[in-house]
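# Coordinate analysis (summary)
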Amino acid sequence: MAVSSDLPLLDVADALVRFGEVTALDGVSLRMMPGECIGLVGHNGAGKSTIVSVINGGLTPQRGQISAQGQPLRGYGIALARSLGLRCVFQELSLCPNLTVIENTRLMHRDLGGAGWRVRARKVIAESLDTVFPGHGIDPQATVGTLSIARRQMVEIAMAFSTAGTAPRLVILDEPTSSLDAGLAAHLLAHVRRFVGAGGSVILISHILDEILDTASRIVVMKDGCIVDERPQGGFTHATLVAAMGSTARAAGARRSAAAGAEVLRVDPPRGLPFRAARGEIVGLAGLGGHGQTEMLLDLHERHSPNWWPARTPAVAFVAGDRRLNGTFDLWSILRNLTAATLPDLSRRGVLDRAAEAERGTDWQARIGIRTPDMGLPILSLSGGNQQKVLFARALSGRAPVVLMDDPMRGVDIGTKQEVYATLRAEADRGRTFVWYSTEIDEMTLCDRVYVFRDGAIAAELAGESITEAAILTASFAEAAA
Amino acid sequence: MRLSSETLRLLVPALSLAALLAGVFWLQPRAMSYTGLNLLFNLAVPIALATIAQMIIMAVNDLDLSLGTFVSFVACVAATFLHDTPLLGLLILAASIAVYAGLGVVIHLRNLPSIVVTLGMSFVWAGLAVLILPAPGGTAPTWARAVMTAKPPLFPMAIWASLGVAVLAHLLLMRSSLGVLIRGVGGNQRSVERAGWSVVRARALAYALAACFAVAAGIALVGLTTSADANIALRYALLSIAGVILGGGEFTGGRISPIGAVIGALTLTLAGSFLSFLRISPDWQIGAQGAILIAVLALRLALNRLEKGRAR
């Protein structure tokens, strides 16, 4: 197909994507022209990853039209996207760790087959690595699993820019510099400019705003599944870009207690600010997803739970965000799910007191508002929000003075959220400590204190009235490569 | 000197085999001959083939519990149909390979645990085997018999056959594009999908390839024993898994080693002979065989830790 320079490489029009109740993309239109680097920014849940999935063909929108070169495409999918020259570097590394660099190259390029493919694949990847990262020092025969994270990312980026059969024309880079040092990141961005200068097109997603401001020829800001602002290079400054990502109007936060209780948790990580939490405090962990918040929660959990024999009084309870993976027991009833963590309290000499268990069930059903006619029904009969309430009740009905929460409100409707917020506040007033990781900024404004994470360390501490969306956004996005 | 992790992985099975072999030769120097080696290793050939079959299934993160009954079924077909009406016999074997490919498709599309599906299939194969050969008997096809009892120069048939199996499996799985695809599915299925491959097809191919090796195992077994029995290879399901792990493979992640797997199968066979030479009473032999297995696997784990420590 001949590539004309005035027709868009790819044009997504009015894309709508819903996951159940959640609208991830609400009528987004994005046009990618040759010779253009689009910087895509937005906070968690803004829809960046969803639009990327739509563009690379991994996700079919419920509504909307995708066209290339001005021609509408039918049956758009991964294979068609690749044949158009679309390449993707994902945030989580997506090479096969058990294969060598050469073998991974073979997998990425379907046209490399036939006798002697090893020689050809080696040439393809070595050339691309030499172009993007001169002096990289990576052995193409090394197994990917034995390479450092930075080198794996370099291989993956070089793979996206390599040519075998179809040349890359539109490359999507999702946080490509997250594990590269400043020197390597500079190499990459220089290559992006060269690639764009030669008529290619790049979509760049990064939490380092200066990379976006310096490299992108057009910056697109997303929020809540919509494109809220779009300006050419030079149209944004660091401050206006952060402001564009935030919302203008917002409800006032909940009341904040002056936390002066005794210190119950303390962690002094090797990098960044120390972590402290006091009795009766709600401490928020904010920042972009995957910057060390979950690791902090797991670290806190590990430090405070015995690793050999269960303690009589647990020190910490954990509320998981990924319900299906590590929250609910799918085959059990609501009641059994609720009491699973506190069975020793409900039993005498190892025998479960059924009456006490049922009583605790009805008690918590009323307290946290689990909407079900019968606690004996299976947990999966509940809506997602109510399942999450059961998990909260499981943690809160125990005696643990500290509750760790790993983004527990994911995919929960607003009404349920409000009810749970009220319960949390009431429990905190009774002296419980909450450590709350959330990808939603609004929830952070309900906390007494917030630690903002960036690159695996605490980058900022906000307290009381200074917890604002703007402050959290500013701290989450670095000024320059760390 | 820094050994690559792949070499290190092959070292454990190779050294355990060498140690066992040295033990056998020391106890019974007469085993150090053409006939002696053949006797020690000839039953290892079908086990090595079955181990490769299991390894291919494990390369796509699945497990085949029906391998033992499937090899028995193939042995029964080989000793009856393949001998009496070769064309019909070949048709039956081809159909059984197609069934395996179908299993791969079903397991992938319905997202079923392979252990459950293959456990169910093991009863199907066992039932078919009993239907074909209700009592032990049958006759091996003359060509299978001829191949397995051939006397090639230098080394006995068992050694040449094991070498051949190892080289063939290595070429197929470690060098060819198909092998890369199969191991890629085990390593990171999503990235294989994102590159535009059909994972269903890859899994079906892996299952079909495994079935080919299992069919070869069944025919080789009948070639050695001259007749078949519906329960002839029941132990193979677990022996093959042990052989793969012994040889440096992993249950998940697509990390496999065909050469290691063949060495693992040889080690398992030799462990039995070694214990007989030690004059350990048969009552204790199975337990002692387990002890050898645990010792070798412990060594593997220790080396894995070493490897992990070095990677950091």
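About the criteria used
Residues numbered from 1 in each chain as written. Chains lettered and ligands numbered in written order. Predicted model: local features only at pLDDT ≥ 70, side-chain atom pairs only at ≥ 80, totals over all residues. Heavy atoms only, no water. Contact = heavy atoms within 4.5 Å. Buried area = accessible area lost by both parts, 1.4 Å probe. Salt bridge = Lys/Arg side-chain N within 4 Å of Asp/Glu carboxyl O. Polar contact = N/O pair within 3.5 Å; in protein donor to acceptor, adjacent residues only side chain to side chain. Helix = DSSP H or I, 4+ residues; strand = E, 2+ residues; numbered from the N terminus. Buried < 20%, exposed > 50% of the residue type's maximum accessible area, 1.4 Å probe, protein only. Pairing = 2+ DSSP bridges. Axes fitted to C-alpha atoms, helices over the stretch in contact; angles between N-to-C directions. Expected span 1.5 Å × (residues − 1). Arc of directions from axis to C-beta.

Counting residues at the interface gives 23 residues for chain B, matched by 21 residues for chain A. Across the chain B/chain A interface, buried area totals approximately 1800 Å², and carbon plus sulfur atoms make up 52% of it. When the buried area of chain B at its contact with chain A is split by residue, V180, R194 and W197 of chain B rank highest and sum to 33% of it. Linking chain B with chain A are one salt bridge, by the criterion used here. Between R183 of chain B and E103 of chain A there is a salt bridge whose closest N-O contact spans 2.8 Å. For the pair chain B and chain A, the number of links is 13 residue pairs in polar contact (both at pLDDT 80 or more).

Quick look at the environment of W332 of chain A now. Residue and element names in this part refer to chain A. Tracing the sequence through the fold places W332 in the loop between α10 (323-326) and α11 (334-339). Residue class for W332 comes out partly exposed when judged on its relative accessible area of 38%. Taking the C-alpha atoms as reference points, W332 and P314, separated by 18 residues in sequence, lie 23 Å from one another. Look past the residues within four positions of W332 in its chain and what remains in contact with it is N337, A340, P378 and I379.

Residue and element names in this part refer to chain A. Reading across the sheet, the four strands line up as β2-β1-β4-β5 and stay open at both edges, with antiparallel pairing between neighbours. Looking at which strands have only one partner, the edges of the open sheet turn out to be β2 (22-32) and β5 (71-72). The sheet contact formed by strand β1 (residues 10-19) and β2 spans eight bridges and is antiparallel. Counted as the bridge partner of L16 is D26 from β2.

Okay, the pattern of salt bridges next. Residues and elements named next belong to chain A. Taken as a whole and judged by the stated rule, the model has 26 salt bridges over all chains. Notably, a salt bridge pairs K223 with D224, separated by 3.8 Å at the nearest N-O pair. Here K223 falls in the buried class, since its relative accessible area comes to 18%. We classify D224 as exposed; its relative accessible area is 56%. When the shortest N-O distance is used, the salt bridge between E263 and R276 registers 3.5 Å. You can see E263 sitting in strand β11 (residues 263-267) and its partner R276 sitting in strand β12 (residues 275-278), a full 13 residues away along the chain. Among the residues examined, R276 registers a relative accessible area of 22% and is labelled partly exposed. The structure contains a network of salt bridges with shared partners spanning D363, R367, E427, R430 and R432.

Residue and element names in this part refer to chain A. An order of β6-β7-β8-β3-β9-β10 is seen for the six strands of this open sheet, with the pairing classed as mixed. Unpaired on one side and paired on the other, β6 (86-89) and β10 (226-232) mark the two borders of the sheet. Sheet twist, expressed as the average angle between the axes of neighbouring strands with direction ignored, equals 15°. Both strand β3 (residues 36-41) and strand β9 (residues 218-223) contribute to a ladder of four bridges, which runs parallel. Each residue of the ladder has a partner; that of I38, found in β9, is R218. Of the strands in this sheet, β6 and β7 (170-174) are in contact with helix α5 (residues 149-161), which crosses β6 at around 175°.

This part covers helix α9 (residues 293-304) of chain A. All names here are of chain A. Across its 12 residues, α9 extends 17 Å between first and last C-alpha, which sits within 8% of the 16 Å expected from 1.5 Å per residue. Within α9, burial applies to Q293, M296, L297 and L300. What you see down the axis of α9 is that its buried residues fit within an arc of 100°, all on one side. Opposite the packed face of α9, turned more than 90 degrees from it, sit the exposed residues E295 and E302.

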